[in-house]
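Observations on the three-dimensional arrangement
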Amino acid sequence: QVQLVESGGGLVQAGGSLRLSCTASGIGSSINLMGWWRQAPGKQRELVASISNGGSTNYADSVKGRFTISRDNAKNTVYLQMNSLKPEDTDVYYCRVLLTFRGEYWGQGTQVTVSS
């Protein structure tokens, strides 16, 4: 059974930093794409950043230059380093992985709150 365990969320002041991590277990397949999405109450979930198994990255315009996504394939883990955080970055952040032949899986979400 595939499980995604996220950690690293919390409360931080504007301008501060947080690092999210997400580790996948029970995958039984190679991981194609890993990424982070976020969602505020009443809004659609939106892509924050993604990284392919080859290391190609994609970022939302709102986080370019502030967030960095990386992955450790040996540990089946994806990271999101978030710097220069703003109050508008406050959301629940979700890890998503796309497995070859097995489809997509989501983490349970971790709250990030940025105070002004």
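In what follows, the accompanying structure is described. (Residues numbered from 1 in each chain as written. Predicted model: local features only at pLDDT ≥ 70, side-chain atom pairs only at ≥ 80, totals over all residues. Heavy atoms only, no water.)

1. Some points on the overall build of the chain
What counts is decided by this rule: Only DSSP runs of H or I covering at least 4 residues are called helices, and only runs of E covering at least 2 are called strands; the numbering of each starts at the N terminus. Within these notes, the globule rule equals 2.2 Å times the number of residues to the 0.38 power, and the radius of gyration is based on C-alpha atoms. Whether a residue is buried, partly exposed or exposed follows from its accessible area with a 1.4 Å probe, protein chains only, as a fraction of its type maximum: under 20%, in between, or over 50%, in that order. We score Asp and Glu as negative and Lys and Arg as positive, and we do not count His or the chain ends. We put the charge of a Lys on NZ, of an Arg on CZ, of an Asp on CG and of a Glu on CD.
Scanning the chain from terminus to terminus reveals zero helices and eleven strands. A compact globule built from 116 residues should have a C-alpha radius of gyration of about 13 Å, and the chain, at 14 Å, falls within 12% of that. Its C-alpha atoms give the chain principal-axis dimensions of roughly 45 × 25 × 25 Å. Burial status across the chain gives 42% buried among its 116 residues. Taken together, the 11 basic and 8 acidic charged side chains of the chain have centroids lying 4 Å from each other.

2. Some remarks on the side chain of D91
For clarity, the threshold we go by: When checking whether two residues touch, look at their non-hydrogen atoms; a contact exists if any pair is within 4.5 Å.
Locating D91 in the fold gives a position in strand β9 (residues 91-99). Residues contacting D91, with those up to four places away along its chain left out, are R38, Q39, A40, T110, Q111 and V112.

3. As for the sheet that holds strand β1 (residues 3-7)
As a reminder of what qualifies: Being paired, for any two strands, means DSSP has found at least two bridges between them. In this analysis an axis means a line fitted to C-alpha atoms, helices contributing only their contacting stretch, and an angle means the value between N-to-C directions, from 0 to 180 degrees.
Taking strand neighbours across the sheet as the criterion, the four strands line up as β1-β3-β8-β7 in an open arrangement whose pairing is antiparallel. Both outer strands of the open sheet, β1 and β7 (67-72), are each paired with one neighbouring strand and no more. Each neighbouring strand pair of the sheet contributes to a mean axis angle of 15 degrees, computed without reference to strand direction. The sheet contact formed by β1 and strand β3 (residues 18-25) spans five bridges and is antiparallel. The partner of S7 across the bridge, within β3, is S21.

4. Some details on the pairing of strand β10 (residues 103-106)
Pairing between β9 and β10: four bridges, direction antiparallel. Note on β10: the bridge partner recorded for R96 is W106. Between β9 and the antiparallel strand that follows it, β10, lie three residues; F101 among them carries a positive phi value of about 75 degrees.

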